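The lines below spell out each chain.
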Amino acid sequence: MSQHTNKWIIAAVFAGLLALGAMASASGSDSQDRQRVTTTSASSLSGLEALLAQRKIEEDRIVTLEGWFALPQVKRPPMPAKIEKAFVIPIHGPITGTTFKSIERKVLRCLASGAQIVIFDIDTPGGEGQAMLSIVALINNNLKNIRTVAFVNSEAISAGAIISLACSEIAMTPRGKLGDSMPVMVGPEGYVPIPPAERGKIESYIRAQIRDLAEAGGYSVPLCEAMVSLPLEVWLVRNRQTRELRYVDKENLPGPVLNIPAASQPTTWPAEQQPWEFLRVADGPNTLVTMTARQAVEFNFTRIIADDLDQLAGHYNVIRAATVLEDNWSETLVGLMTSPVLVGFLVFVAIMALYTESHLPHGLGLIIAVCCFVIIFGSRYLIGMAEWWQIAVLLLGLVLLGIEIFVTPGMLVLGVIGLVCILVGMLGMLAPASPGKILPDTPLQWSSFTDSIFALLVAFLAATACLPLLGKYLHRLPVAGKLVLPPVQVGSAPQLPAESPLRRIQPGDVGVVESRCRPAGKVRFGDQLLDVESEGGIIEAGSQVRVLRLEGATVFVEQI
C-alpha cells in the first residue's frame, strides 16, 4: 500500500472513533437528561417537604431563610397522643342550606360519640353566604373544645376558604387551593354585577368575619382580607435590624419602608430612619389571594401537607379507622329517623296503638308501639347518641306499665312508676349530651333537645285530642272491627234460669262501675253485681253506666 492510502485508512479509523465517541456522548447526554428529568420530578414531589424543613419552629418564631415570623399564640383544643375517636365530615360540592343541616346533624353525632378530632374533608367551589356563616358559627360554638382540621382536598374556594379558617388548623394536599372569597351574585344566566354600595356593605361584613377568624387562628389578617377585597395590595416586609418578617397591607405599613416599588408613593425618610425594607408583593391590587399548597406554607397558613386522609390520619396518630360520615343513603336514613318531626310522629302512633291494645287486646297494637320505640331509640343507640342505661330505664317503664294495664289494673302505683321511668328514659335519649355528661353542654345540643321536647309535647297534645274520638268510634272502624272476635251466632238466645239476676236487668237501667271496664268489668245495679262489657272504650270505676242491650248472658253498657 502507498503512504497516501495508509493516510486515508488512518483518517477513516479516526473518523469512526470520533463517531463512536459522539454516539457515546449523545447516549450519555440522553441518560443525563433522563436523570435530570427524574430528579426534577422527584424534586417537585419533595419541594413542599424541603420548604417545610427550611421553616423551623424556634420558641416563639418561625425561622426562614429570609428572616423570621412571630409565632402566633393560638390556643387550640387539647388532643391525646393517640386518637381513637376520629370523625371525617365531607364538604363536597356547592355549599347550601342543605349542606348546613347535614353538617349540623353530623356534628351532633360527633359530640354524642366523644370525638377527639373532627376532620372536614373540603372540596368545594363555595356557595351560599348564609349557609357559610351558619357552618362557621356551628364550628365556633359547638366544636370549640374539640380539635378540628380543615383538609383542603382539593380546593377550598370562597365560602370553603372561610370555613377552613374557622377550624383549629388547616391541612392541604400538594394540589390544594385555598382562597378567592370575594362575594358574588349569581343569577339564572350566571354572575350578576353587584352595585358598588351593596358590594361595599357585603364586603365590609365578610371582611369583619374573616378578620375575626384570622386573629383567632393566628393567620395574616391582610392576606385573609385580600381573599375578599380586590383592591388590597399585600407586601412582605422585613425589619432591617431584627429581621422580623410581616405581611402587611400597603396602606397600613408598620413604619417607613425602604426600597418600596417605584409605582408606590416614595418615602421622604432617610434610609437610616426606615426600619423596614420591602421584599416583594405577596398579592397585587387586581388579584384575590388564592393560595397553592406551597404558598399556604410560605404564608404560614399550614404546616401539614398530606396526599390523602390516610396520610393525614397518620400525622395525627389516629390508631383506629376514622368514621367517615358520608352523605349516602344510610346517613340520610339515620338523619330522618333521629329528626324531631319523625320522633314526635312515632310517639303519637305508639300512644294510639297502646290505647287501641288496651281496648282490643289482640297484640297488634302492642307490636306497633314496640316497633315505634325501637325505631326511635334503636337508631340513636346504634349511632352512639343513646346509652344502654337509658334504654334499660325505658324498657323497665314499659314493663311496669304493661303490668299495670294487663295484670293488676287499678293499683296505679306500678303505672305511675312506669310512666316516670319512660319519661326519664326518653328525656335521657333525647338530650344529646357528650359522654360522661347528663345534660347538653353546647348550643347545638340544647337546640336539638328543645326541638325534641317540643315534638313530644305536640305528640302528647295530639294524642290527648284524638283519644276520646278513637274510644268513641274504635268499634266502628273497619280494621278494628276485624280484630274483635265476632259474637257466637246461635239459633236462639239461651234460656236464663229463673233465679238469674239478669232477668231483672232491662235496657236503660243505670248502674255504677265497681271494677274498671277494659272493656269487660263489673257494675252494681242496686244490690246486684254483674259482669258487663262496655262499648266506647274504658270506663273507670265509680262512673255511671246505662244498659244498652242484653245478648244472651252478656250485658252491654255505655258510660253516661
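Everything below is about the structure printed above this text.
All values derive from a computational prediction rather than experimental measurement.

### Overview of the pattern of salt bridges
Consideration 1: Tallying each qualifying case throughout the model produces 16 salt bridges.
Consideration 2: A salt bridge links Arg207 to Glu225, with the nearest nitrogen and oxygen atoms 3.5 Å apart. With Arg207 in helix 5 (residues 196–217) and Glu225 in helix 6 (residues 221–225), this pair connects stretches of sequence that are 18 residues apart.
Consideration 3: For Arg207, a relative accessible area of 22% translates into the label partly exposed.
Consideration 4: Under the relative-accessibility criterion, Glu225 is labelled buried at 10%.
Consideration 5: Between Arg294 and Glu298 there is a salt bridge; the shortest N-O distance is 3.6 Å. Remark: Glu298 and Arg294 occur in helix 7 (residues 293–298); sequence separation between them is four residues, near one turn of the helix.
Consideration 6: Residue classification places Glu298 among the partly exposed positions, given a relative accessible area of 24%.
Consideration 7: Each of Arg76, Arg147 and Glu169 takes part in salt bridges that share partners, so that together they form one network.

### Remarks on the packing of aromatic side chains
Consideration 1: In total, this model carries five aromatic pairs according to the counting rule given.
Consideration 2: Geometrically, the ring pair formed by Phe69 and Tyr247 is stacked, given 5.5 Å between the ring centres and 15 degrees between the ring planes. Taken together, the residues span a long stretch of sequence, with Phe69 in strand 3 (residues 68–70) and Tyr247 in strand 12 (residues 245–249) at a distance of 178 residues. Here the two residues Phe69 and Tyr247 agree in accessibility, since each one is buried.
Consideration 3: If you follow Arg61 out to its NZ or CZ, it ends over the ring of Trp68, 4.0 Å from the centre.
Consideration 4: Lying over the aromatic face of Phe556, Arg549 brings its terminal NZ or CZ to 4.3 Å of the ring centre.

### Points about the nonpolar core
Consideration 1: Ranked by size, the top nonpolar core spans 63 residues in total, and within it Phe120, Ile163, Leu178 and Phe301 carry the most contacts.
Consideration 2: For this core, the element with the most residues is helix 3 (residues 129–142), which contributes seven residues.
Consideration 3: Discounting residues that sit within four places of it in the chain, Phe120 has contacts with Ile89, Ile91, Ile103, Ile139, Leu143, Thr148, Val149, Ala150, Phe151 and Cys167.
Consideration 4: Formed by 18 residues, the second largest nonpolar core is a distinct cluster that contains Val347, Ala353, Ile422 and Leu430.

### So, the sheet that holds strand 13 (residues 257–258)
Consideration 1: Across the sheet, four strands lie side by side as 12-11-14-13; this open sheet has mixed pairing. The open sheet terminates on both sides in strands that have one partner only, identified here as strand 12 and strand 13.
Consideration 2: As defined by bridge partners, strand 13 adjoins strand 14 (residues 276–283) across two bridges and the pair is classed as parallel. Of the residues in strand 14, the one forming a bridge with Val257 is Trp276.

Cut-offs applied
Residues numbered from 1 in each chain as written. Predicted model: local features only at pLDDT ≥ 70, side-chain atom pairs only at ≥ 80, totals over all residues. Heavy atoms only, no water. Salt bridge = Lys/Arg side-chain N within 4 Å of Asp/Glu carboxyl O. Helix = DSSP H or I, 4+ residues; strand = E, 2+ residues; numbered from the N terminus. Buried < 20%, exposed > 50% of the residue type's maximum accessible area, 1.4 Å probe, protein only. Phe/Tyr/Trp six-rings, centres within 6.5 Å; stacked < 30°, edge-to-face > 60°. Lys NZ or Arg CZ within 6 Å of the ring centre and 35° of its normal. Core = buried A, V, L, I, M, F, W, Y, C linked by side-chain atoms within 4.5 Å. Contact = heavy atoms within 4.5 Å. Pairing = 2+ DSSP bridges.

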